Amino acid sequence: HAKDAGRNNYQFYTPSLSKRTPAFLTLEKSLRYALEREEFMLYYQPRVNIITGEITGMEALLRWQHPEMGLVAPNIFIPLAEESGLIVPIGEWVIRTACKQNKAWQDAGFPPLTVAVNLSPKQFRQPNLVDTLTSILQETGLDPKFLDLEITESTAIEDLDFTRTVLYNLRQMGVYLSIDDFGTGHSSLSRLQQLPLHHLKIDKSFIQDLTTDQKVAHIVKAIVVLGQSLGLKLTAEGVEKQEELDFLKSINCEDVQGYLFYRPLAVQKITELLQKGQLKK
Ligand code: C2E
Ligand code: MG
Ligand code: MG
Ligand code: MG
């Protein structure tokens, strides 16, 4: 059921781009026009409760439909956007679109869920981040607690004092705060525990090695145990296999996000999912 609904495979355009090559420059140029040409869209990937399979939230993931090249992968164009500063207006579009969509789902009568957006390092360091978020929430009418902001572990630890200040301000606003890609930033939970977080997402590179590498299994277990003792909600990213799910269940990880349940889906598919069942009020 759920698995089949997620079977919308698509091919990303993923060239090997080195800076200053014609391909890079062309892509950067077209990225400048992508917003006004309305070439961006958001896909949403549900995350689910590991026991009940119920959807507990979603993550908005940006897609760029390039007129000639087709769908360009975020791993290609996000770094480009970050470097050129275009990530700021693009990121604002992402936040506004996700908040608007979430409000629309709530207004349609579906049980309220948090929708996460990814904040890039440069976005996170914008001095007017709080103002921007406040006005988007006001404009869309979304209750702040249903906006989930993801920053990566690397973004968070770059300047812990700065991060703490910003996160306290965001927490004051009432938004939900998540650390993304946990485990890749080579920090430790003892450093992150000084931050006012709600939620930790374990990076998918760990989940991939979970069933083949005992050491990785131990590490993931330690992250879950320690994270929970710090009062954080734990999500495992990139769960593709039943064996991975079984292990995560055995260590009481709460939520999972991965192809085993759902791929990132277009708005219409998510709406159909929400209409399908268990989820309608
Ligand atoms: P992320 O935030 O860690 O998002 C999760 C990525 O893992 C997504 O890739 C998702 O499609 C993929 N994924 C989910 N489940 C599985 C699975 O079971 N197996 C595998 N192999 N992959 C899975 P996606 O959509 O290609 O995005 C890649 C990255 O691009 C994101 O990683 C995030 O860092 C960045 N990104 C995406 N959208 C945005 C955005 O709006 N703003 C910013 N700043 N970054 C974004
Ligand atoms: Mg993310
Ligand atoms: Mg991640
Ligand atoms: Mg990532």
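A quick note: this is a predicted structure, and the numbers were derived from the prediction, not measured.

**Points about the coordination of the magnesium ion (ligand 3)**
Part 1 of the argument: Every protein donor of the magnesium ion (ligand 3) is accounted for by Asp180 (OD), Asp181 (OD), Glu237 (OE) and Glu237 (OE), and the metal-donor separations fall at 2.0 to 2.6 Å.
Part 2 of the argument: Between consecutive donors of the magnesium ion (ligand 3), the numbers of intervening residues give the motif D-D-x55-E.
Part 3 of the argument: The magnesium ion (ligand 2) is placed at 4.1 Å from the magnesium ion (ligand 3), the two being bridged by Asp180. Here Glu237 lies in strand S8 (residues 233-237) and Asp180 lies in strand S6 (residues 176-182), a separation of 57 residues in the sequence.
Part 4 of the argument: Taking the relative accessible area as the measure of exposure, Asp180 reaches 5% and is therefore buried.

**Focus: the pairing of strand S5 (residues 147-152)**
Part 1 of the argument: Counting buried positions over the 6 residues of S5 gives 5, a clear majority of the element.
Part 2 of the argument: Two strands pair when backbone bridges link them, and strand S4 (residues 114-118) and S5 are joined in this way by 4 bridges, in the parallel orientation. Counted as the bridge partner of Val115 is Leu147 from S5.

**Describing the nonpolar core**
Part 1 of the argument: Of all hydrophobic cores here, the largest spans 84 residues; its most connected members are Leu147, Leu170 and Leu248.
Part 2 of the argument: Here the element with the most residues in this core is helix H4 (residues 87-107); it accounts for 7 residues.
Part 3 of the argument: Residues within four places of Leu170 in sequence aside, it is in contact with Phe124, Leu129, Val130, Leu133, Leu149, Val175 and Leu177.

**Some details on the site of ligand 1**
Part 1 of the argument: Contacts to ligand 1 come from 23 residues, most closely from Arg63, Asn118, Asp180, Glu240 and Tyr259.
Part 2 of the argument: In the environment of ligand 1, an oxygen atom lies 2.9 Å from a nitrogen or oxygen atom belonging to the side chain of Arg63.
Part 3 of the argument: Lys204 has a polar side-chain atom sitting 3.1 Å from an oxygen atom of ligand 1.
Part 4 of the argument: In this structure, ligand 1 is accommodated by the largest pocket.

**Comments concerning the packing of aromatic side chains**
Part 1 of the argument: In total, this model carries 6 aromatic pairs according to the counting rule given.
Part 2 of the argument: Consider the rings of Trp64 and Phe77, whose centres lie 5.6 Å apart with planes at 80°: the pair is edge-to-face. Remark: Phe77 occurs in helix H3 (residues 74-84) and Trp64 occurs in strand S2 (residues 55-66); sequence separation between them is 13 residues.
Part 3 of the argument: With 6.0 Å between their ring centres and 90° between their planes, Phe124 and Phe162 make a pair best called edge-to-face. In this pair, Phe124 is assigned in helix H5 (residues 121-124) and Phe162 in helix H8 (residues 160-173), connecting sequence segments 38 residues apart.
Part 4 of the argument: Given a relative accessible area of 1%, Phe124 falls into the buried group.
Part 5 of the argument: One aromatic cluster is present, formed by Phe40, Trp64, Phe77 and Trp93 through successive ring pairs.
Part 6 of the argument: The ring of Tyr259 carries the charged tip of Arg263 above its face, separated from the ring centre by 4.0 Å.

**Here's the deal with H4**
Part 1 of the argument: In this model, H4 (21 residues) spans 29 Å end to end at C-alpha, consistent with the 30 Å of a helix rising 1.5 Å per residue.
Part 2 of the argument: Within H4 the residues assigned to the buried category are Ile87, Ile90, Gly91, Val94, Ile95, Ala98, Cys99, Gln101, Asn102, Trp105 and Gln106. All buried residues of H4 lie within an arc of 165° about the axis, which places them on one face of the element. In H4, the exposed positions angled more than 90 degrees off the buried face are occupied by Lys100 and Asp107.
Part 3 of the argument: Gly109 lies just past H4 and shows a positive phi near 100°.

**With respect to the confidence of the model for the protein**
Part 1 of the argument: In the predicted model, the protein carries a mean pLDDT of 91, and 91% of its residues have values of at least 70.
Part 2 of the argument: Between residues 1-9, whose pLDDT stays under 50, and residues either more than four places distant or in other chains, the model counts 15 contacts.

**Observations regarding the pattern of salt bridges**
Part 1 of the argument: Applying the stated criterion to the full structure yields 11 salt bridges.
Part 2 of the argument: Lys201 is the partner of Glu150 in a salt bridge, and the nearest nitrogen-oxygen pair spans 2.6 Å. On the criterion of sequence distance, the pair formed by Glu150 in strand S5 and Lys201 in strand S7 (residues 199-202) is long-range, its members being 51 residues apart. There is no split in this pair, since Glu150 and Lys201 are both buried.
Part 3 of the argument: Between Asp255 and Lys233 there is a salt bridge; the shortest N-O distance is 3.8 Å. One end of the pair, Asp255, is in strand S9 (residues 255-257); the other, Lys233, is in strand S8, with 22 residues separating them in the sequence.

About the cut-offs
Residues numbered from 1 in each chain as written. Chains lettered and ligands numbered in written order. Predicted model: local features only at pLDDT ≥ 70, side-chain atom pairs only at ≥ 80, totals over all residues. Heavy atoms only, no water. Donors = N, O, S within 2.8 Å, 3.2 Å for Na, K, Ca; no water. Helix = DSSP H or I, 4+ residues; strand = E, 2+ residues; numbered from the N terminus. Buried < 20%, exposed > 50% of the residue type's maximum accessible area, 1.4 Å probe, protein only. Pairing = 2+ DSSP bridges. Core = buried A, V, L, I, M, F, W, Y, C linked by side-chain atoms within 4.5 Å. Contact = heavy atoms within 4.5 Å. Near = heavy atom within 4 Å. Polar contact = N/O pair within 3.5 Å; in protein donor to acceptor, adjacent residues only side chain to side chain. 1 Å grid on protein atoms, 1.4 Å probe; cavity = no way out; pocket = protein on both sides within 12 Å on 5 of 7 lines; lining within 4 Å. Sits in = over half its atoms within 2 Å of the grid points. Phe/Tyr/Trp six-rings, centres within 6.5 Å; stacked < 30°, edge-to-face > 60°. Lys NZ or Arg CZ within 6 Å of the ring centre and 35° of its normal. Expected span 1.5 Å × (residues − 1). Arc of directions from axis to C-beta. pLDDT = per-residue confidence, 0-100. Salt bridge = Lys/Arg side-chain N within 4 Å of Asp/Glu carboxyl O.

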